[in-house]
Amino acid sequence: SDAKPATVSDQADFDPPQDERDGGAAQAGGAAGAGGNIESHLHENRSFPPPEAFSQSAHIKSEAEYQALWNRAKDDPEGFWGETALELLTWDTDFAAVKRGEMPDTEWFVGGKLNATVQCLDRHLDGPRKNKAAIVWEGEPGDVRTLTYLQLHREVCKFANVLRGLGVEQGDRVTLYMPMIPELAIAMLACARIGAVHSIIFGGFSADAVADRNNDAGAKVIVTADGGWRRGKEIPLKAAVDDALAKSPTVKKCVVVRRTGGEVTMAPDRDLWWHELMADASADCPAVPLDSEHPLFILYTSGSTGKPKGVRHGTAGYLLGAQLTTKWVFDLKEEDTYWCTADIGWITGHSYIVYGPLANGATTVMYEGAPNWPDPGRFWELVEKHRVNVFYTAPTAVRAFIKWGDEWPAQYDLSSLRLLGSVGEPINPEAWVWYHEKIGGGRCPIVDTWWQTETGGIMISPLPGVTPTKPGSCTFPLPGVVPKIVNEQGEEVPDGEGGLLVMTQPWPHMLRTLHGDHERFKEVYFGKFPGIYFAGDGARKDKDGYYWVMGRVDDVINVSGHRLSTMEVESALVSHDAVAEAAVVGFPHELKGEGICCFVTPKGEPEDPEALQKELIQHVRSQIGALATPDQIRFAAALPKTRSGKIMRRLLRDIAAGRETTGDTSTLEDYTAMASLRQEAS
Ligand code: PRX
């Protein structure tokens, strides 16, 4: 019953990060140098101090200044956060208390009222920022649109009125399933303006995934587009929404942006064109003052079970975190052009394309398409053309750029860049050094930012004017962040030893709950160590106090910087008629960081194993989305289990990573080999 592992590499070209909408996958390669390979990090001791000129003009200029802030925030969190919130946020009603309660149920800025769009838009309209570019957008085909703060404000007010006209009220959930076009940012902010809660679903998720999220959120309205451009092809979003809405009874209206001009079916009474609604909408829409704790958005992310978690963020705390960390970590200056290459469908795009930059009155670049279309120089062409100063991307992208060749960035003028960022997974030192030299010209500090959907904003990161960086380390916690590395008993481990990363103090931008499941929220994040936030990552601190994050310690894998639950993929597989049992593990992947390896026990001998592999890959894509495309499907007559019947994932991870005891993988696929391995392992 064994067959060669299927790789999808022969079906699709390479897809770098944030790029799984059309579902290609990388060539399965060797593990050397892949993200998450902590062994290579342990020997890293190069250090890169910030250039002096950079420090002189930075928001935080010195080690001493950082230390003083950090100590203050640790010893007097209420004083620190209270002052920061008064300084940075525009309040309709001042808060009465900085903080109420401890983790898990902490409230911040209690009694205060504000509106996120006042913070991101209105307050910039009284001065010289009124006509400053808020969003510089470029479509994949090269079409460019710039929205000034005044123009963006107007569009947001109009769409807020449109939503109201569709029956959206304060607290209602609105799903946004859209390409990377300005209307996505407009729709987010329009929700925030009237106190509706947006739930954005990355365009790489399938119709089934959209339906699941619609239902879990109880969404009333969905906003989408006919399609989006991806490597010259149209991604038909509206068609997926049609399928999703057949299974989403709560969704009553669907607004469709015309982006590609592709053919769509419009259901009478349900589907409405964005441009038609906007043509008649009033631009007068006062922002609704909302409680500090009013939910701003839900964002689904993968946990260690098969069911995605609706991470819910509040208004004041989240905004404060997004604004402050953007200012500190990206050291934004009034004249900067800032580009974060993430998709807004992920938390990185929420905090660092939309809320953080706009709250700072910055110019944020938004790009619709793939990094390698029409050629692998596309990002650098954009940097040159828009004179980007601060650039934020993911390690998996950097590894792809390395693979595509130095000649691509070399063709463009990248001298406008002054700061580079990395996020999503551990960056391997080789990629770090390449990024520093080939993109940053050796002069730009790199901020390797550790954080999560749940943390709302950056937690551990260099400050670009302060921190001497070590390639592969996210360095030190920001002020207000008090991490610890502990063992299973919750005791702090000595420096140099690996352990679990936890947060011992609450912070304003942390998640408030999991939508509809507060018990699960308490269990997942605070169940292991009561009163302490458990991040799900393993980490160590070196002798200089630098943090090195090693990756997830749960059943979550990180594929091209995207979080996926192995259980989610397993549930998708076992929902196929031909599958009796499945176990999914990650394995080190040269470009993606981790690849997806599926061990499958079919119901009976498959007649055509190769055809079944292809079918299962397709099945997972339709259940979850292209971003979950398995790299390998391996058939086995049985899965190795402990005496109590638990699947031995560690063993499967070894096999998937090629760490097997015999050289021949194919023999490992059969039952006897598995059985003998089981004996060895137990
Ligand atoms: O494992 C860590 C990894 O990404 C996880 C969070 O994923 P997500 O919620 O999708 O958010 C990604 C963008 C913030 C973390 O638990 N991770 C994120 N950034 C880093 C990282 N691992 C190492 N270094 C990082 N800089």
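Residues numbered from 1 in each chain as written. Predicted model: local features only at pLDDT ≥ 70, side-chain atom pairs only at ≥ 80, totals over all residues. Heavy atoms only, no water.

K.L.:
Please provide a residue-by-residue account of the UniProt feature "binding site: ATP" (unreviewed entry) in the protein chain, values included.
P.N.:
As annotated by UniProt and renumbered to match this structure, "binding site: ATP" (unreviewed entry) occupies Gly424, Glu425, Pro426, Asp448, Thr449, Trp450, Trp451, Gln452, Thr453, Asp537, Arg552 and Arg563. Structurally, the position occupied by Glu425 is in the loop between β19 (419-423) and α16 (429-439). One polar contact links the side chain of Glu425 to the main-chain amide nitrogen of Thr396, over a distance of 3.1 Å. If you trace the backbone, Asp448 turns up in strand β20 (residues 446-449). Setting aside anything within four residues of it in sequence, one finds Asp448 in contact with Ser422, Ile427, Ile460, Ser461, Pro462, Gly472, Ser473 and Cys474. (UniProt positions renumbered as here; feature names shortened; annotations may be inferred. Helix = DSSP H or I, 4+ residues; strand = E, 2+ residues; numbered from the N terminus. Polar contact = N/O pair within 3.5 Å; in protein donor to acceptor, adjacent residues only side chain to side chain. Contact = heavy atoms within 4.5 Å.)

K.L.:
With reference to specific residues and values, describe the site of the ligand.
P.N.:
With respect to spatial proximity, 17 residues lie near the ligand, and among them Asp448, Thr449, Thr453, Asp537 and Arg563 are the closest. Note that a nitrogen atom of the ligand is positioned 2.7 Å from one of the side-chain N or O atoms of Asp448. Protein chains shield 96% of the accessible area of the ligand, which is 540 Å² for the free molecule. Every element with two or more residues in the shell around the ligand is listed here: α12 (347-359), β20 and β25 (547-552). Taken together, the residues that form the shell around the ligand break down as 6 nonpolar, 6 polar and 5 charged. (Near = heavy atom within 4 Å. Areas by Shrake-Rupley, 256 points an atom, 1.4 Å probe, with all protein chains shown as cover. Nonpolar A, V, L, I, M, F, W, Y, C, P; charged D, E, K, R; others polar.)

K.L.:
Give me the lowdown on the sheet that holds strand β5 (residues 144-148), citing residues and values where you can.
P.N.:
On the basis of which strands lie adjacent, the open sheet formed by 7 strands has the order β5-β4-β17-β16-β18-β19-β20 and mixed pairing. Unpaired on one side and paired on the other, β5 and β20 mark the two borders of the sheet. Shown here is a sheet whose adjacent strand axes are inclined to one another by a mean of 20°, direction ignored. Where strand β16 (residues 337-340) lies against strand β17 (residues 363-367), 3 bridges are found, and the strand directions are parallel. Across the sheet, Thr337 pairs through a bridge with Thr363, a residue of β17. Strand contacts of helix α6 (residues 149-165): β4 (133-138) and β5, with the helix running at about 90° to β5, the strand carrying the most contacts. (Pairing = 2+ DSSP bridges. Axes fitted to C-alpha atoms, helices over the stretch in contact; angles between N-to-C directions.)

K.L.:
Can you tell me about the pattern of salt bridges, naming the residues and giving the values?
P.N.:
Under the defined criterion, the tally for this structure stands at 41 salt bridges. Note that Arg193 and Asp122 form a salt bridge whose closest N and O atoms lie 2.7 Å from each other. Of this pair, Arg193 sits in helix α7 (residues 182-194) while Asp122 sits in the loop between α5 (116-120) and β4; the two residues are 71 residues apart in sequence, bridging distant segments of the chain. A salt bridge links Lys247 to Asp208, with the shortest nitrogen-to-oxygen separation between them at 2.4 Å. Taken together, the residues Lys247 in the loop between α9 (237-245) and β11 (253-257) and Asp208 in helix α8 (residues 207-217) connect sequence positions 39 residues apart. (Salt bridge = Lys/Arg side-chain N within 4 Å of Asp/Glu carboxyl O.)

K.L.:
Help me get a handle on unusual backbone geometry, residues and values and all.
P.N.:
Cis peptide bonds are those with omega within 30 degrees of zero, and the linkage from Met103 to Pro104 qualifies with 5°. Residue position: Pro104 is located in the loop between β1 (97-100) and β2 (107-110). A cis amide bond links Trp373 to the next residue, Pro374, at an omega of 0°. With respect to the element layout, Pro374 can be found in the loop between β17 and α13 (378-386). Located in the positive-phi region is Asp269, a residue other than glycine, with phi close to 70°. As for its placement among the helices and strands, Asp269 is situated in the loop between β11 and β12 (271-273). Looking at Asp269, the relative accessible area reads 68%, which means it is exposed. A positive phi is found at Ser560, a non-glycine position, where the angle reads about 50°. (Buried < 20%, exposed > 50% of the residue type's maximum accessible area, 1.4 Å probe, protein only.)

K.L.:
An account of helix α19 (residues 609-623) is needed here, citing residue identities and associated values.
P.N.:
Taking 1.5 Å of rise per residue, the 15 residues of α19 would be expected to cover 21 Å, and the 21 Å separating its terminal C-alpha atoms lies within 8% of that figure. Those residues of α19 that sit buried are Leu612, Gln613, Leu616, Ile617, His619 and Val620. Along the axis of α19, the buried residues cluster in a sector spanning 160°; they form a single face. Lining the buried residues of α19 we find α18 (566-574), β28 (579-589), β29 (593-602) and β30 (632-635). Taken from the residues just after α19, Gly625 is the one with a positive phi, measuring 145°. (Expected span 1.5 Å × (residues − 1). Arc of directions from axis to C-beta.)

K.L.:
Explain the pairing of β19 residue by residue, including any values.
P.N.:
Of all 5 residues that make up β19, 5 are buried, and the element is covered over most of its length. Neither face of β19 is open: one carries Leu419, Gly421 and Val423, the other Leu420 and Ser422, and all of them are buried. The sheet contact formed by strand β18 (residues 390-393) and β19 spans 4 bridges and is parallel. In the sheet register, Thr393 faces β19, and the bridge partner there is Ser422.

K.L.:
Tell me about the nonpolar core, residues and numbers included.
P.N.:
Among the nonpolar cores identified, the biggest contains 124 residues, and Phe109, Leu152, Phe159, Phe330 and Tyr355 are the most heavily contacted of them. Here this core takes 10 residues from α7, the largest share from any one element. Ignoring sequence-local partners within four residues, the contact set of Tyr355 consists of Ala116, Cys120, Met188, Leu189, Ala192, His198, Leu296, Phe297, Tyr318, Leu319, Ala322 and His350. Listed in part, the 42 residues of the second largest apolar core include Cys254, Ile596, Val600 and Ile624. (Core = buried A, V, L, I, M, F, W, Y, C linked by side-chain atoms within 4.5 Å.)

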